[in-house]
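Each chain is listed here by its residues.
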Amino acid sequence: VNKTKIEWCDSTWNPVTGCLHGCEYCYARRIAERFGGTIQQADFKEKLHEINEPMYTENNMEKITKAPYPFCFAPTLHRYRLEDYKRNAKPKTIFVCSMADLFGEWVPDEWIKEVFRACEAAPQHRYLFLTKNPKRYIQLESKGILLKNENMWYGSTVTSTEDEYYAAGITHNIFLSIEPLLKPLKVGVGSFSSTSWIIIGAETGNRKDKIIPKKEWISEILEASEITHIPIFMKESLLPIVGEENMRREFPWDIKNDYRKENGD
Ligand code: SF4
């Protein structure tokens, strides 16, 4: 369980880490490679790893601590982390697997079911998932595995028009994370019809070929979202592009609650 600098959640929880998509701009991989490894040399021959107990590493203060990424960025189920949120009574908005793609095609259904069971055991929290492979949501739905609880939110990452966000298909609490925005999306009326929330952000960090989005790219997304009044969350990285007066920080659950209050529900 970790506090986070991510602006749209209270904390992150990583019962699964690692990802095989290989995005060039991946910040998670850089962290995992920097802080990865264990005291006992980890075995990388296997593609997927499951560990029931923590492994240990020595930090630069020569202290022995739990290894957060024992197999660096190779997909790993840290089964001992599944119980983390059960004892935490205060409701939080939790980004699940910020250091993985839990819905990558290499992830076994069983891992996802284990994570879902842990979410169900702590229903006081709101759980946000994010994938670059939204067709997995459809596959899980057809197998009856996808949970449709009010507190579960399923996001897809979109960085360019080629991404498969139209394939999201399912209708339960869907959101889009358009981050980093790398190209104009060429969206129009109806593009986001099944979406309940949109997060937009620019690339951060100091990558050599870092892309700064144009203001028009953002305006096009806002126009396309207007027709169905989709809540928008703009990340701090957009501030220099759109200006303070145009920043929007909306959450769909707040809007739902406001609606309920107004209508006496
Ligand atoms: S999908 Fe996310 S975690 Fe996976 S490589 Fe791309 S940026 Fe990294």
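Everything below is about the structure printed above this text.
Residues numbered from 1 in each chain as written. Predicted model: local features only at pLDDT ≥ 70, side-chain atom pairs only at ≥ 80, totals over all residues. Heavy atoms only, no water.

Caption draft 1: Representation of the overall build of the protein chain. When helices and strands are counted, the protein chain shows 6 helices and 13 strands. Here the C-alpha atoms of the protein chain give a radius of gyration of 19 Å, agreeing with the 18 Å that 2.2 N^0.38 yields for 265 residues. Burial statistics for the protein chain: of 265 residues in total, 49% are counted as buried. A separation threshold of at least 6 residues defines the contact pool for the protein chain, and within that pool the share at least 24 residues apart is 67%. Summing over all exposed atoms, the protein chain offers an accessible surface of approximately 13,800 Å²; the carbon and sulfur share of this is 50%. Mean positive and mean negative side-chain charge positions of the protein chain (36 and 38 charges, respectively) differ by 3 Å. (Helix = DSSP H or I, 4+ residues; strand = E, 2+ residues; numbered from the N terminus. Rg over C-alpha atoms; globule rule 2.2 N^0.38 Å. Buried < 20%, exposed > 50% of the residue type's maximum accessible area, 1.4 Å probe, protein only. Contact = heavy atoms within 4.5 Å. Areas by Shrake-Rupley, 256 points an atom, 1.4 Å probe, with all protein chains shown as cover. Lys, Arg positive; Asp, Glu negative; His and termini not counted. Charge placed at Lys NZ, Arg CZ, Asp CG, Glu CD.)

Caption draft 2: View of the site of the ligand. Around the ligand sit Cys19, His21, Gly22, Cys23, Tyr25, Cys26, Phe73 and Lys132, and those are all the residues in its vicinity. Of the residues assigned to the shell around the ligand, the class counts are 5 nonpolar, 2 polar and 1 charged. (Near = heavy atom within 4 Å. Nonpolar A, V, L, I, M, F, W, Y, C, P; charged D, E, K, R; others polar.)

Caption draft 3: Expanded view of helix H4 (residues 215-226). Between the first and last C-alpha of H4 there are 17 Å, a value that for 12 residues agrees with the 16 Å anticipated at 1.5 Å per step. Within the span of H4, buried status applies to Trp217, Ile218, Ile221, Leu222, Ala224 and Ser225. Each buried residue of H4 lies within a common arc of 165 degrees when the element is viewed along its axis, so the set occupies one face. Taken together, the buried residues of H4 touch strand E11 (174-178), strand E12 (197-200), strand E13 (232-234) and helix H5 (239-242). (Expected span 1.5 Å × (residues − 1). Arc of directions from axis to C-beta.)

Caption draft 4: Representation of the sheet that holds strand E7 (residues 76-78) in the model. The 3 strands lie next to each other as E3-E7-E4, forming an open sheet whose pairing is mixed. Either end of the sheet is taken by a strand with one partner, and the two such strands are strand E3 (16-17) and strand E4 (49-51). Pairing of E3 with E7, which is carried by 2 bridges, proceeds in the antiparallel orientation. Bridge pairing in E7 places Thr17 opposite Thr76. Along the sheet, helix H2 (residues 109-120) makes contact with E3, E4 and E7, crossing E7 at roughly 30 degrees. (Pairing = 2+ DSSP bridges. Axes fitted to C-alpha atoms, helices over the stretch in contact; angles between N-to-C directions.)

Caption draft 5: Spotlight on the environment of Ala89. In this structure, Ala89 sits in the loop between E7 and strand E8 (93-96). Taking the C-alpha atoms as reference, Ala89 lies 30 Å from Phe35; in sequence the two are 54 residues apart.

Caption draft 6: The arrangement of the environment of Ile6 in detail. As for its position among the elements, Ile6 is in the loop between strand E1 (2-3) and strand E2 (11-13). Note on Ile6: relative accessible area 22%, which makes it partly exposed. When the C-alpha positions of Ile6 and Trp153 are compared, they lie 16 Å apart, and in sequence the two are 147 residues distant. Not counting the four nearest positions on each side in its chain, Ile6 is found in contact with Thr12, Phe95 and Ser98.

Caption draft 7: Here's a closer look at the side chain of Glu114. Within the secondary structure, Glu114 sits in helix H2. Among the polar contacts listed, one links the side chain of Glu114 to the side chain of Arg79, at a separation of 2.9 Å. The residues touching Glu114, leaving out its near neighbours within four places in the chain, are Leu77, Arg79 and Leu82. (Polar contact = N/O pair within 3.5 Å; in protein donor to acceptor, adjacent residues only side chain to side chain.)

Caption draft 8: Summary view of the state of the cysteines. Under the defined criterion, the tally for this structure stands at 0 disulfides. In this model Cys119 remains outside any disulfide bridge; the closest cysteine sulfur is found in Cys97, 8.7 Å from its own. When its relative accessible area of 1% is taken as the criterion, Cys119 is described as buried. (Disulfide = S-S within 2.5 Å.)

Caption draft 9: A look at the pattern of salt bridges. Following the criterion strictly, the structure yields 14 salt bridges and no others. Residue Lys143 pairs with Asp109 through a salt bridge whose shortest N-O separation is 2.6 Å. One end of the pair, Lys143, is in the loop between helix H3 (135-142) and strand E10 (152-157); the other, Asp109, is in helix H2, and 34 residues separate them in sequence. Judged by its relative accessible area of 52%, Lys143 falls in the exposed class. Through salt bridges with shared partners, a single network forms among Glu7, Glu236 and Arg249. (Salt bridge = Lys/Arg side-chain N within 4 Å of Asp/Glu carboxyl O.)

Caption draft 10: The arrangement of unusual backbone geometry in detail. Geometrically, the link from Glu179 to Pro180 is a cis peptide bond, its omega value of -5 degrees lying close to zero. Its location among the elements puts Pro180 in the loop between E11 and E12. The phi dihedral of His229 falls on the positive side, at around 50 degrees, and the residue is not glycine. You can see His229 is positioned in the loop between H4 and E13.

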